[in-house]
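Listed below, chain by chain, are the residues.
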Amino acid sequence: MSNQPIAVRPVGAFTDNYVWLIEAPRRPGAVVAVDPGEAGPVQAELDRSGHSLAGILLTHHHPDHIGGVRELLDRASAPRASIPVIGPDDPRIPVLTRTARDGERCELPDLGLGFDILHVPGHTLSHIAFWGHGALFCGDTLFSAGCGRMFEGTPVQMTASLNRLRSLPQETKVYCGHEYTAANLRFALTVEPENRAALEYQESVAQLRARDTPSLPSRMSLEIRVNPFLRCDVPAVRAAASARAGRALEEAADVFGVLRAWKDQFR
Ligand SMILES: [Zn+2]
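1. Observations regarding the overall build of the protein chain
A tally of helices and strands in the protein chain yields 9 helices and 14 strands. Computed over C-alpha atoms, the radius of gyration of the protein chain comes to 18 Å, within 12% of the 18 Å expected from 2.2 N^0.38 for 267 residues, which places it in the range of a compact globule. Along the three orthogonal principal directions, the C-alpha set of the protein chain runs to about 60 × 40 × 30 Å. Here the protein chain holds 267 residues, and 53% of them are scored as buried.

Written out as structure tokens, the structure reads:
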């Protein structure tokens, strides 16, 4: 079931969030929403497309990812009890009907959807990612050419989380929670000015964004080539982080910690 391709489309929310709508392979006209932080734009897309909400997946507790859940459930045509709301076990997410733990399979059999759950702490401690159908819904853990801020975790945790995502199949489509790609690439090219893949990607992203087209989804194979936070073991990245720190960094988590702090200051 998890290999069946899925149709996914973005709904823009707030200034740079994406809510991803996944069409249910087994129930035409039904969609599952990932991280609906805001109800209005999602409901407008449902009204426009004639699709109905059949489930909600949540990656982490931040309001810009869960804030629209209640209103969407209130406005849904299906009975509220029939719409699963699935996310990490965290009291800060009071709207769940089902919790998802690391290593579990999250099956929605009547919709023809199934995802593996990966616990990826770092941005928040309970953050999870959904992987299935060749797609990764990773919330604010991995961005294209960047990663989420470390609000709750440590560099060791975040490095381990990103390594898990990096080890997924190369062709995995990466659906991130925000459109940050262009700004992330400016930082990536500050770390690795000679990275040809990042330079080429910057050009194609600029063209997409000029037409107001999302730069996402990305591909894991591309992220491995351009995303400095997935490249902490690459000599050029380690050298740049060491120069920034003023000392020789050996461990990937130390390289990560310096890069993340550097990015936090970067304008
Ligand atoms: Zn967040």
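2. Details of the pattern of salt bridges
Proximity of charged atoms lets side chains of opposite charge pair with each other. Evaluated as defined, the whole model comprises 17 salt bridges. A salt bridge links Asp89 to Arg101; the shortest N-O distance between them is 3.1 Å. Of the two residues, Asp89 sits in the loop between strand S5 (85-87) and strand S6 (98-99) while Arg101 sits in the loop between S6 and strand S7 (105-108), which places them 12 residues apart along the sequence. In this structure, Arg149 engages Asp264 in a salt bridge whose closest nitrogen and oxygen atoms are separated by 3.4 Å. Within this pair, whereas Arg149 is found in the loop between strand S12 (146-147) and helix H4 (155-166), its partner Asp264 is found in helix H9 (residues 252-265), the two being separated by 115 residues in sequence.

3. Focus on the packing of helix H5 (residues 181-191) against H9
Relative orientation of the contacting elements H5 and H9 amounts to 125°, with a least axis distance of 11 Å. Between H5 and H9, the interaxial angle falls into the category oblique. Like other packed secondary-structure pairs, H5 and H9 cross with a definite hand, here right-handed. Along the contact surface, H5 presents Asn184, Phe187, Thr190 and Val191, while H9 presents Leu259, Trp262 and Lys263.

4. Concerning the layout of surface pockets
As a volume, the largest pocket reaches approximately 310 Å³. Lining of the largest pocket is provided by 18 residues; of these, Phe143, Arg149, Tyr180, Arg260 and Lys263 occupy positions nearest its centre. Contributing elements (two or more residues each) for the lining of the largest pocket: H5 and H9. The element contributing the most residues to the lining of the largest pocket is H5, with 3 residues.

5. A few points about the pairing of strand S1 (residues 8-13)
Strand direction decides the pairing type here: S1 and strand S2 (residues 17-23), joined by 6 bridges, are antiparallel. Of the residues in S2, the one forming a bridge with Arg9 is Leu21. What sits between the antiparallel neighbours S1 and S2 is a turn of 3 residues, in which Phe14 has the positive phi angle 50°.

6. Observations concerning the coordination of the zinc ion
Within the protein, the zinc ion binds to His60 (NE2), His62 (ND1), His123 (NE2) and Asp140 (OD); these donor distances fall in the range 2.2 to 2.3 Å. Of note is the zinc ion, whose 4 donor atoms meet at the metal with angles of 90 to 167° in an arrangement that counts as irregular. Each donor residue of the zinc ion belongs to the same chain, and together they define the spacing H-x1-H-x60-H-x16-D. Taken together, the residues span a long stretch of sequence, with His62 in the loop between strand S4 (52-57) and helix H2 (63-66) and His123 in the loop between strand S8 (113-119) and strand S9 (128-132) at a distance of 61 residues. Residue classification places His62 among the buried residues on the basis of a relative accessible area of 15%. Accessibility expressed as a relative area gives 4% for His123, which makes it buried.

7. A look at unusual backbone geometry
Here Leu216 and Pro217 are connected by a cis peptide whose omega angle stands at 0°. Structurally, the position occupied by Pro217 is in the loop between helix H6 (196-210) and strand S14 (218-219). Positive phi outside glycine occurs at His133, with the angle close to 60°. Relative to the elements of secondary structure, His133 occurs in the loop between S9 and strand S10 (135-137).

8. Remarks on the sheet that holds S4
If you trace the 6 strands from one edge of the open sheet to the other, you get S1-S2-S3-S4-S5-S6, paired in mixed fashion. Both edges of this open sheet fall to S1 and S6, since each of them pairs with a single strand only. In the packing of helix H1 (residues 39-49) onto the sheet, contacts are made with S1, S2, strand S3 (30-34) and S4, and the angle to S1 comes to roughly 135°.

9. Brief notes about H6
Note that an α-helix has 3.6 residues per turn; residues three or four places apart therefore point the same way. In this model, H6 (15 residues) spans 21 Å end to end at C-alpha, consistent with the 21 Å of a helix rising 1.5 Å per residue. Considered for burial, the residues of H6 that qualify are Ala197, Ala198, Tyr201 and Val205. Buried residues along H6 cover an arc of 85° about the axis, so they all sit on one side. Away from the buried face of H6 by more than 90 degrees, exposed residues Arg196, Glu200, Glu203 and Ala210 are located. On its buried face, H6 sits against H5, S14 and helix H7 (220-226).

What counts, and where the lines are drawn
- Residues numbered from 1 in each chain as written.
- Predicted model: local features only at pLDDT ≥ 70, side-chain atom pairs only at ≥ 80, totals over all residues.
- Heavy atoms only, no water.
- Helix = DSSP H or I, 4+ residues; strand = E, 2+ residues; numbered from the N terminus.
- Rg over C-alpha atoms; globule rule 2.2 N^0.38 Å.
- Buried < 20%, exposed > 50% of the residue type's maximum accessible area, 1.4 Å probe, protein only.
- Salt bridge = Lys/Arg side-chain N within 4 Å of Asp/Glu carboxyl O.
- Axes fitted to C-alpha atoms, helices over the stretch in contact; angles between N-to-C directions.
- Parallel < 35°, antiparallel > 145°, perpendicular 65-115°, else oblique.
- Left-handed = near helix turned anticlockwise from the far one by under 90°.
- Contact = heavy atoms within 4.5 Å.
- 1 Å grid on protein atoms, 1.4 Å probe; cavity = no way out; pocket = protein on both sides within 12 Å on 5 of 7 lines; lining within 4 Å.
- Points joined across faces, edges and corners; volume = space filled by probe spheres on them.
- Pairing = 2+ DSSP bridges.
- Donors = N, O, S within 2.8 Å, 3.2 Å for Na, K, Ca; no water.
- Tetrahedral: all angles 85-135°; square planar, octahedral: opposite > 155°, others 65-115°.
- Expected span 1.5 Å × (residues − 1).
- Arc of directions from axis to C-beta.

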